[in-house]
Amino acid sequence: MASVTYEHVTKRFGDVIAVNDLNIEIADKEFLVFVGPSGCGKSTSLRMLAGLEEISEGNIYIGDRLVNDVPPKDRDIAMVFQSYALYPHMTVYDNMAFGLKLRKTPKAEIDRRVKEAAQILGIEHLLDRKPKQLSGGQRQRVAVGRAIVREPNVFLMDEPLSNLDAKLRVQARAEISKLHQRLGTTFIYVTHDQVEAMTMGTRIAVLKDGLLHQIDSPQNLYDLPNNVFVAGFIGSPAMNFFDATLIMEDGKMYADCRDFRVMVPEERYGVFKPYLGKELVMGVRPEHVHDPQYAPPGIKPALVEANIEVTELMGNEVVAYFATDHATFLGRLDPRTDARVGMIKAAAFDMSRMHIFDKETEKAIR
(Lines give C-alpha, C1' and ligand atoms only; values in the text may rest on other atoms or scores of the structure.)
Protein backbone atom coordinates (compact mmCIF):
# COMPACT_ATOMS: atom_id res chain seq x y z
CA MET A 1 0.00 0.00 0.00
CA ALA A 2 1.16 3.57 -0.52
CA SER A 3 0.61 7.21 0.22
CA VAL A 4 0.45 9.80 -2.59
CA THR A 5 1.95 13.30 -2.52
CA TYR A 6 1.36 16.19 -4.93
CA GLU A 7 4.16 18.74 -4.37
CA HIS A 8 3.65 22.14 -6.09
CA VAL A 9 2.20 20.36 -9.15
CA THR A 10 1.21 22.57 -12.10
CA LYS A 11 -0.09 21.54 -15.52
CA ARG A 12 -0.24 23.89 -18.49
CA PHE A 13 -1.82 23.36 -21.89
CA GLY A 14 -0.26 26.21 -23.85
CA ASP A 15 -1.36 29.41 -22.10
CA VAL A 16 -4.07 27.62 -20.10
CA ILE A 17 -3.21 26.57 -16.54
CA ALA A 18 -5.30 23.45 -15.90
CA VAL A 19 -3.84 22.72 -12.45
CA ASN A 20 -2.15 25.48 -10.44
CA ASP A 21 0.38 24.69 -7.67
CA LEU A 22 -1.44 21.66 -6.23
CA ASN A 23 -0.19 20.50 -2.83
CA ILE A 24 -1.88 17.46 -1.26
CA GLU A 25 -0.69 14.61 0.95
CA ILE A 26 -2.92 11.53 0.66
CA ALA A 27 -2.37 9.01 3.44
CA ASP A 28 -1.96 5.28 2.91
CA LYS A 29 -5.40 3.55 2.72
CA GLU A 30 -7.23 6.90 2.48
CA PHE A 31 -10.24 7.48 0.18
CA LEU A 32 -9.71 10.95 -1.29
CA VAL A 33 -12.25 12.48 -3.67
CA PHE A 34 -11.45 15.27 -6.14
CA VAL A 35 -14.65 17.23 -6.75
CA GLY A 36 -15.50 20.37 -8.68
CA PRO A 37 -17.27 21.65 -11.80
CA SER A 38 -16.25 20.66 -15.33
CA GLY A 39 -12.85 22.07 -16.29
CA CYS A 40 -11.63 22.52 -12.70
CA GLY A 41 -8.56 20.25 -13.13
CA LYS A 42 -9.70 17.18 -11.21
CA SER A 43 -9.29 14.62 -14.04
CA THR A 44 -6.01 16.24 -15.11
CA SER A 45 -4.70 15.84 -11.54
CA LEU A 46 -5.61 12.13 -11.65
CA ARG A 47 -4.11 11.63 -15.12
CA MET A 48 -0.81 13.20 -14.03
CA LEU A 49 -0.67 10.73 -11.14
CA ALA A 50 -1.39 7.88 -13.56
CA GLY A 51 1.34 9.09 -15.95
CA LEU A 52 -1.14 9.82 -18.76
CA GLU A 53 -0.30 13.56 -18.67
CA GLU A 54 3.13 15.09 -18.24
CA ILE A 55 3.69 17.42 -15.28
CA SER A 56 4.64 21.01 -16.21
CA GLU A 57 6.08 21.78 -12.75
CA GLY A 58 6.39 20.07 -9.38
CA ASN A 59 6.69 16.48 -8.20
CA ILE A 60 4.38 13.53 -7.59
CA TYR A 61 5.36 10.76 -5.18
CA ILE A 62 3.78 7.34 -4.69
CA GLY A 63 5.04 6.32 -1.27
CA ASP A 64 8.61 7.63 -1.13
CA ARG A 65 9.16 7.12 -4.86
CA LEU A 66 9.28 10.11 -7.23
CA VAL A 67 7.22 9.04 -10.28
CA ASN A 68 7.50 12.10 -12.58
CA ASP A 69 9.42 10.11 -15.20
CA VAL A 70 8.15 6.60 -14.40
CA PRO A 71 6.05 5.03 -17.22
CA PRO A 72 2.37 4.42 -16.34
CA LYS A 73 2.78 0.62 -16.39
CA ASP A 74 5.48 0.80 -13.71
CA ARG A 75 3.64 3.07 -11.24
CA ASP A 76 1.73 0.24 -9.53
CA ILE A 77 -1.62 1.95 -9.98
CA ALA A 78 -4.88 0.75 -11.54
CA MET A 79 -7.39 3.08 -13.15
CA VAL A 80 -11.13 2.82 -13.80
CA PHE A 81 -12.42 5.26 -16.42
CA GLN A 82 -15.84 6.76 -17.15
CA SER A 83 -15.82 4.64 -20.30
CA TYR A 84 -15.39 1.05 -19.12
CA ALA A 85 -13.29 0.25 -22.23
CA LEU A 86 -13.99 -3.50 -22.19
CA TYR A 87 -12.86 -5.62 -25.13
CA PRO A 88 -16.14 -6.65 -26.86
CA HIS A 89 -14.73 -9.90 -28.32
CA MET A 90 -13.44 -11.17 -24.95
CA THR A 91 -15.33 -12.82 -22.11
CA VAL A 92 -15.53 -11.14 -18.71
CA TYR A 93 -12.86 -13.55 -17.46
CA ASP A 94 -10.48 -12.66 -20.31
CA ASN A 95 -11.15 -8.92 -19.91
CA MET A 96 -10.19 -9.13 -16.24
CA ALA A 97 -7.19 -11.38 -16.93
CA PHE A 98 -5.81 -9.50 -19.93
CA GLY A 99 -3.48 -7.12 -18.05
CA LEU A 100 -2.04 -9.96 -16.00
CA LYS A 101 -1.39 -12.04 -19.13
CA LEU A 102 0.57 -9.12 -20.63
CA ARG A 103 2.72 -9.13 -17.49
CA LYS A 104 3.29 -12.88 -17.95
CA THR A 105 1.71 -13.66 -14.57
CA PRO A 106 1.51 -17.45 -13.99
CA LYS A 107 -1.78 -18.98 -15.15
CA ALA A 108 -2.73 -20.33 -11.71
CA GLU A 109 -2.15 -16.91 -10.14
CA ILE A 110 -4.30 -15.23 -12.83
CA ASP A 111 -7.10 -17.70 -12.17
CA ARG A 112 -6.91 -17.11 -8.40
CA ARG A 113 -6.97 -13.33 -8.73
CA VAL A 114 -9.79 -13.20 -11.29
CA LYS A 115 -12.04 -15.57 -9.32
CA GLU A 116 -11.31 -13.77 -6.06
CA ALA A 117 -12.12 -10.36 -7.61
CA ALA A 118 -15.29 -11.78 -9.22
CA GLN A 119 -16.41 -13.11 -5.83
CA ILE A 120 -15.78 -9.75 -4.13
CA LEU A 121 -17.90 -8.00 -6.80
CA GLY A 122 -20.60 -10.70 -7.06
CA ILE A 123 -19.98 -11.39 -10.76
CA GLU A 124 -18.79 -15.05 -10.60
CA HIS A 125 -21.77 -16.11 -12.72
CA LEU A 126 -20.84 -13.63 -15.48
CA LEU A 127 -17.27 -14.78 -16.20
CA ASP A 128 -18.22 -16.60 -19.45
CA ARG A 129 -20.32 -13.74 -20.85
CA LYS A 130 -19.23 -11.03 -23.25
CA PRO A 131 -19.71 -7.29 -22.53
CA LYS A 132 -22.70 -6.92 -24.87
CA GLN A 133 -24.58 -9.45 -22.69
CA LEU A 134 -24.10 -7.31 -19.56
CA SER A 135 -26.06 -4.42 -18.08
CA GLY A 136 -24.38 -1.07 -17.39
CA GLY A 137 -23.95 -1.89 -13.71
CA GLN A 138 -22.40 -5.27 -14.52
CA ARG A 139 -19.95 -3.70 -16.99
CA GLN A 140 -18.97 -1.19 -14.33
CA ARG A 141 -18.18 -4.07 -11.93
CA VAL A 142 -16.10 -5.83 -14.57
CA ALA A 143 -14.07 -2.63 -15.10
CA VAL A 144 -13.51 -2.39 -11.33
CA GLY A 145 -12.63 -6.10 -11.24
CA ARG A 146 -10.01 -5.61 -13.94
CA ALA A 147 -8.40 -3.02 -11.66
CA ILE A 148 -8.65 -5.21 -8.53
CA VAL A 149 -6.80 -8.17 -10.09
CA ARG A 150 -3.77 -5.94 -10.55
CA GLU A 151 -3.52 -5.69 -6.73
CA PRO A 152 -2.14 -2.16 -7.10
CA ASN A 153 -0.90 0.22 -4.41
CA VAL A 154 -3.32 2.94 -5.55
CA PHE A 155 -6.76 2.79 -7.22
CA LEU A 156 -7.66 5.73 -9.46
CA MET A 157 -11.29 6.19 -10.50
CA ASP A 158 -12.34 8.86 -13.00
CA GLU A 159 -16.15 9.34 -12.82
CA PRO A 160 -16.79 5.56 -13.01
CA LEU A 161 -20.51 5.88 -12.21
CA SER A 162 -21.45 8.56 -14.75
CA ASN A 163 -22.99 6.08 -17.19
CA LEU A 164 -25.30 4.46 -14.62
CA ASP A 165 -28.90 5.39 -13.85
CA ALA A 166 -29.76 7.03 -10.52
CA LYS A 167 -30.69 3.86 -8.63
CA LEU A 168 -27.63 1.94 -9.83
CA ARG A 169 -25.38 4.87 -8.91
CA VAL A 170 -26.57 4.76 -5.30
CA GLN A 171 -25.95 1.00 -5.19
CA ALA A 172 -22.55 1.27 -6.87
CA ARG A 173 -21.48 4.07 -4.49
CA ALA A 174 -22.06 1.76 -1.55
CA GLU A 175 -20.25 -1.11 -3.29
CA ILE A 176 -17.15 0.98 -3.97
CA SER A 177 -17.10 2.23 -0.36
CA LYS A 178 -17.32 -1.38 0.91
CA LEU A 179 -14.62 -2.38 -1.57
CA HIS A 180 -12.30 0.28 -0.15
CA GLN A 181 -12.86 -1.01 3.39
CA ARG A 182 -12.32 -4.60 2.29
CA LEU A 183 -9.17 -4.05 0.22
CA GLY A 184 -7.57 -1.46 2.54
CA THR A 185 -5.94 0.28 -0.44
CA THR A 186 -5.50 3.97 -1.25
CA PHE A 187 -8.41 5.18 -3.42
CA ILE A 188 -8.43 8.46 -5.35
CA TYR A 189 -11.76 9.21 -6.96
CA VAL A 190 -12.84 11.99 -9.35
CA THR A 191 -16.43 13.19 -9.61
CA HIS A 192 -18.43 16.34 -10.36
CA ASP A 193 -21.24 15.00 -8.15
CA GLN A 194 -20.92 16.42 -4.64
CA VAL A 195 -23.33 13.78 -3.26
CA GLU A 196 -20.90 11.06 -4.41
CA ALA A 197 -18.05 13.00 -2.84
CA MET A 198 -19.83 13.50 0.49
CA THR A 199 -20.93 9.88 0.83
CA MET A 200 -17.71 8.16 -0.25
CA GLY A 201 -14.65 10.20 0.68
CA THR A 202 -12.75 10.19 3.97
CA ARG A 203 -11.51 13.58 2.69
CA ILE A 204 -12.62 15.75 -0.20
CA ALA A 205 -10.49 18.13 -2.27
CA VAL A 206 -12.64 20.88 -3.82
CA LEU A 207 -11.17 22.40 -6.99
CA LYS A 208 -12.18 25.30 -9.22
CA ASP A 209 -10.26 26.77 -12.19
CA GLY A 210 -7.24 24.59 -11.39
CA LEU A 211 -6.97 25.81 -7.79
CA LEU A 212 -7.49 23.78 -4.64
CA HIS A 213 -10.05 25.75 -2.59
CA GLN A 214 -10.35 23.44 0.41
CA ILE A 215 -9.46 19.90 1.47
CA ASP A 216 -11.15 18.46 4.53
CA SER A 217 -13.55 15.82 5.84
CA PRO A 218 -17.05 15.88 4.33
CA GLN A 219 -18.60 17.16 7.57
CA ASN A 220 -16.09 20.00 7.95
CA LEU A 221 -16.63 21.09 4.34
CA TYR A 222 -20.36 21.22 5.05
CA ASP A 223 -20.11 22.94 8.44
CA LEU A 224 -17.06 25.16 7.90
CA PRO A 225 -16.64 26.07 4.20
CA ASN A 226 -13.64 28.33 3.54
CA ASN A 227 -15.37 30.51 0.96
CA VAL A 228 -18.53 31.21 -1.04
CA PHE A 229 -17.62 28.70 -3.77
CA VAL A 230 -17.14 25.75 -1.39
CA ALA A 231 -20.26 26.74 0.57
CA GLY A 232 -22.34 26.81 -2.60
CA PHE A 233 -20.86 23.66 -4.13
CA ILE A 234 -21.15 21.38 -1.10
CA GLY A 235 -24.73 20.64 -0.09
CA SER A 236 -27.85 19.90 -2.15
CA PRO A 237 -29.81 22.04 -2.83
CA ALA A 238 -27.09 24.70 -2.74
CA MET A 239 -26.72 27.22 0.09
CA ASN A 240 -28.85 30.38 -0.11
CA PHE A 241 -26.83 33.62 -0.35
CA PHE A 242 -27.97 37.15 0.49
CA ASP A 243 -26.21 40.51 0.15
CA ALA A 244 -26.08 41.77 3.72
CA THR A 245 -24.77 44.52 5.99
CA LEU A 246 -24.20 43.98 9.71
CA ILE A 247 -25.69 46.72 11.91
CA MET A 248 -26.08 47.31 15.66
CA GLU A 249 -29.35 48.62 17.11
CA ASP A 250 -30.19 48.87 20.82
CA GLY A 251 -27.22 46.63 21.64
CA LYS A 252 -28.33 43.91 19.23
CA MET A 253 -26.70 42.88 15.96
CA TYR A 254 -28.70 42.35 12.78
CA ALA A 255 -27.91 41.21 9.25
CA ASP A 256 -29.72 43.73 7.04
CA CYS A 257 -30.57 42.05 3.72
CA ARG A 258 -32.56 45.00 2.22
CA ASP A 259 -35.95 43.25 2.21
CA PHE A 260 -35.60 41.89 5.74
CA ARG A 261 -33.47 41.92 8.87
CA VAL A 262 -32.49 38.88 10.90
CA MET A 263 -30.93 38.92 14.37
CA VAL A 264 -27.39 37.55 14.70
CA PRO A 265 -26.76 35.18 17.67
CA GLU A 266 -25.02 36.96 20.54
CA GLU A 267 -22.12 34.50 20.62
CA ARG A 268 -21.08 35.70 17.15
CA TYR A 269 -20.81 39.40 18.08
CA GLY A 270 -17.09 39.23 18.91
CA VAL A 271 -16.18 37.77 15.51
CA PHE A 272 -18.48 40.00 13.45
CA LYS A 273 -18.06 43.39 15.18
CA PRO A 274 -15.04 44.44 13.04
CA TYR A 275 -17.27 44.02 9.96
CA LEU A 276 -20.13 46.31 11.03
CA GLY A 277 -21.28 48.50 8.13
CA LYS A 278 -19.33 46.54 5.50
CA GLU A 279 -20.84 44.77 2.49
CA LEU A 280 -20.98 41.05 3.22
CA VAL A 281 -22.69 37.88 2.04
CA MET A 282 -24.89 35.88 4.40
CA GLY A 283 -25.40 32.19 3.72
CA VAL A 284 -28.15 29.92 5.03
CA ARG A 285 -28.58 26.34 3.86
CA PRO A 286 -32.07 25.26 2.66
CA GLU A 287 -32.18 22.62 5.41
CA HIS A 288 -31.86 25.44 7.96
CA VAL A 289 -34.94 27.24 6.56
CA HIS A 290 -38.06 25.87 8.28
CA ASP A 291 -41.79 26.27 8.46
CA PRO A 292 -42.10 28.08 11.85
CA GLN A 293 -44.90 25.75 12.87
CA TYR A 294 -42.64 22.70 12.52
CA ALA A 295 -39.23 24.18 13.30
CA PRO A 296 -37.07 21.78 15.34
CA PRO A 297 -36.60 22.57 19.04
CA GLY A 298 -33.47 24.37 20.23
CA ILE A 299 -32.84 26.46 17.09
CA LYS A 300 -32.51 30.28 17.01
CA PRO A 301 -35.23 31.19 14.48
CA ALA A 302 -35.50 34.50 12.66
CA LEU A 303 -38.72 34.94 10.68
CA VAL A 304 -38.63 36.17 7.08
CA GLU A 305 -41.84 36.77 5.13
CA ALA A 306 -41.68 35.89 1.43
CA ASN A 307 -43.84 34.82 -1.48
CA ILE A 308 -43.83 31.11 -2.39
CA GLU A 309 -43.22 30.71 -6.13
CA VAL A 310 -42.75 26.94 -6.48
CA THR A 311 -43.16 23.90 -4.22
CA GLU A 312 -41.67 20.46 -4.85
CA LEU A 313 -43.37 17.66 -2.92
CA MET A 314 -40.70 15.04 -2.15
CA GLY A 315 -42.67 12.85 0.27
CA ASN A 316 -40.23 13.24 3.18
CA GLU A 317 -40.07 17.03 2.73
CA VAL A 318 -41.35 19.96 0.70
CA VAL A 319 -38.76 22.08 -1.11
CA ALA A 320 -40.21 25.60 -1.27
CA TYR A 321 -38.87 28.40 -3.49
CA PHE A 322 -39.34 31.75 -1.73
CA ALA A 323 -38.97 35.24 -3.24
CA THR A 324 -38.69 38.74 -1.77
CA ASP A 325 -38.23 41.92 -3.82
CA HIS A 326 -34.45 41.51 -4.10
CA ALA A 327 -33.73 37.87 -3.25
CA THR A 328 -34.80 34.28 -3.80
CA PHE A 329 -34.11 31.36 -1.48
CA LEU A 330 -35.03 27.72 -0.89
CA GLY A 331 -36.33 25.99 2.21
CA ARG A 332 -36.57 22.27 2.93
CA LEU A 333 -39.80 22.21 4.92
CA ASP A 334 -41.54 19.59 7.03
CA PRO A 335 -43.99 17.61 4.82
CA ARG A 336 -46.86 18.71 7.10
CA THR A 337 -46.40 22.34 6.00
CA ASP A 338 -49.33 24.26 4.53
CA ALA A 339 -46.98 26.07 2.10
CA ARG A 340 -48.66 26.54 -1.28
CA VAL A 341 -47.71 28.41 -4.46
CA GLY A 342 -48.78 32.05 -4.39
CA MET A 343 -49.10 32.43 -0.64
CA ILE A 344 -47.01 34.80 1.47
CA LYS A 345 -45.50 32.80 4.30
CA ALA A 346 -42.99 33.26 7.08
CA ALA A 347 -39.83 31.15 6.82
CA ALA A 348 -37.78 30.50 9.96
CA PHE A 349 -34.01 30.86 9.43
CA ASP A 350 -31.91 28.92 11.95
CA MET A 351 -29.43 31.71 12.72
CA SER A 352 -27.19 29.44 14.79
CA ARG A 353 -26.24 27.80 11.44
CA MET A 354 -25.80 31.00 9.39
CA HIS A 355 -22.56 31.81 7.54
CA ILE A 356 -21.00 35.19 6.80
CA PHE A 357 -18.53 35.83 3.96
CA ASP A 358 -16.49 38.89 2.97
CA LYS A 359 -18.10 40.13 -0.26
CA GLU A 360 -14.79 41.23 -1.80
CA THR A 361 -12.60 38.20 -1.04
CA GLU A 362 -15.52 35.71 -0.73
CA LYS A 363 -13.70 34.18 2.27
CA ALA A 364 -15.62 32.92 5.32
CA ILE A 365 -15.58 35.08 8.46
CA ARG A 366 -15.48 32.96 11.59
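Right above here is the structure, for reference.
Residues numbered from 1 in each chain as written. Predicted model: local features only at pLDDT ≥ 70, side-chain atom pairs only at ≥ 80, totals over all residues. Heavy atoms only, no water.

We now examine the pairing of strand E16 (residues 301–313). Pairing of E16 with strand E19 (residues 344–350), which is carried by 7 bridges, proceeds in the antiparallel orientation. If you follow Asn307 over to E19, its bridge partner there is Ile344. Between E16 and the antiparallel strand that follows it, strand E17 (residues 318–323), lie 4 residues; Gly315 among them carries a positive phi value of about 95°. (Pairing = 2+ DSSP bridges. Helix = DSSP H or I, 4+ residues; strand = E, 2+ residues; numbered from the N terminus.)

This brings us to the sheet that holds strand E18 (residues 328–333). One open sheet accounts for 5 strands, arranged E15-E19-E16-E17-E18; its pairing is antiparallel. The open sheet has two edge strands, strand E15 (289–290) and E18, and neither has a second partner. As paired strands, E17 and E18 are joined by 6 bridges and run antiparallel to one another. The residue bridging Ala323 from the neighbouring strand is Thr328, located in E18.

Attention now moves to unusual backbone geometry. For the bond from Ser236 to Pro237, the omega torsion is -5°, close enough to zero to count as cis. Located in the positive-phi region is Lys104, a residue other than glycine, with phi close to 60°. Turning to its location among the elements, Lys104 is positioned in the loop between helix H2 (92–102) and helix H3 (107–121).

The next subject is the packing of H2 against H3. Contact geometry of H2 with H3 gives a least axis separation of 10 Å together with a crossing angle of 135°. Here H3 runs oblique to H2, going by the angle between their axes. Of the two elements, H2 crosses H3, and the hand of that crossing is right-handed. Taking contact as the criterion, the partners of Tyr93, Met96, Ala97, Leu100 and Lys101 in H2 are, on H3, Ile110, Asp111, Arg113, Val114, Ala117 and Ala118. Here the contact of H2 with H3 is built from residues that sort into 8 nonpolar, no polar and 3 charged. (Axes fitted to C-alpha atoms, helices over the stretch in contact; angles between N-to-C directions. Parallel < 35°, antiparallel > 145°, perpendicular 65-115°, else oblique. Left-handed = near helix turned anticlockwise from the far one by under 90°. Contact = heavy atoms within 4.5 Å. Nonpolar A, V, L, I, M, F, W, Y, C, P; charged D, E, K, R; others polar.)

A word on the packing of aromatic side chains. Counted by the stated rule, this structure contains 13 aromatic pairs. Centroid distance Tyr6 to Phe34: 6.0 Å. Interplanar angle 85°. Geometry classified as edge-to-face. Residue Tyr6 is found in strand E1 (residues 4–13), and its partner Phe34 is found in strand E3 (residues 31–35); the two are separated by 28 residues along the sequence. In this pair, the class of Tyr6 matches that of Phe34, namely buried. Three or more aromatic residues joined by ring pairs form one cluster here, namely Phe242, Phe260, Phe322, Phe329 and Phe349. Directly above the ring of Phe13 sits Lys11, whose terminal nitrogen or CZ lies 4.9 Å from the centroid. One Lys or Arg, Arg285, reaches over the ring of Tyr222 and ends 4.2 Å from the middle of that ring. (Phe/Tyr/Trp six-rings, centres within 6.5 Å; stacked < 30°, edge-to-face > 60°. Buried < 20%, exposed > 50% of the residue type's maximum accessible area, 1.4 Å probe, protein only. Lys NZ or Arg CZ within 6 Å of the ring centre and 35° of its normal.)

With that settled, the discussion passes to the side chain of Arg141. With respect to the element layout, Arg141 can be found in helix H4 (residues 136–148). For Arg141, a relative accessible area of 18% puts it in the buried group. With residues near it in sequence (within four places) discarded, Arg141 still touches Leu121, Gly122, Ile123, Gln171 and Glu175.

Membership of the largest hydrophobic core comes to 46 residues, with the highest contact counts inside it found for Met96, Val114, Ile176, Tyr189 and Val206. Beyond its immediate chain neighbours, meaning those up to four positions away, Tyr189 contacts Phe31, Leu32, Val33, Phe34, Met157, Pro160, Leu161, Ile176, Glu196 and Met200. Ala327, Phe329, Phe349 and Ile356 belong to the second largest nonpolar core, which has 31 residues in total. (Core = buried A, V, L, I, M, F, W, Y, C linked by side-chain atoms within 4.5 Å.)

Another aspect to go through is H2. All of the buried residues along H2 are Val92, Tyr93, Asn95, Met96, Ala97, Gly99 and Leu100. Buried-residue contacts for H2 involve H3 and H4. Following H2 by one or two positions, Lys104 has its phi on the positive side, about 60°.

Another point: the pairing of strand E2 (residues 16–26). Both E1 and E2 contribute to a ladder of 7 bridges, which runs antiparallel. Its bridge partner being in E2, Lys11 is matched across the sheet by Val19. Counting the residues between successive antiparallel strands, the hairpin from E1 to E2 contains 2 residues, one of them, Gly14, with a positive phi of roughly 65°.

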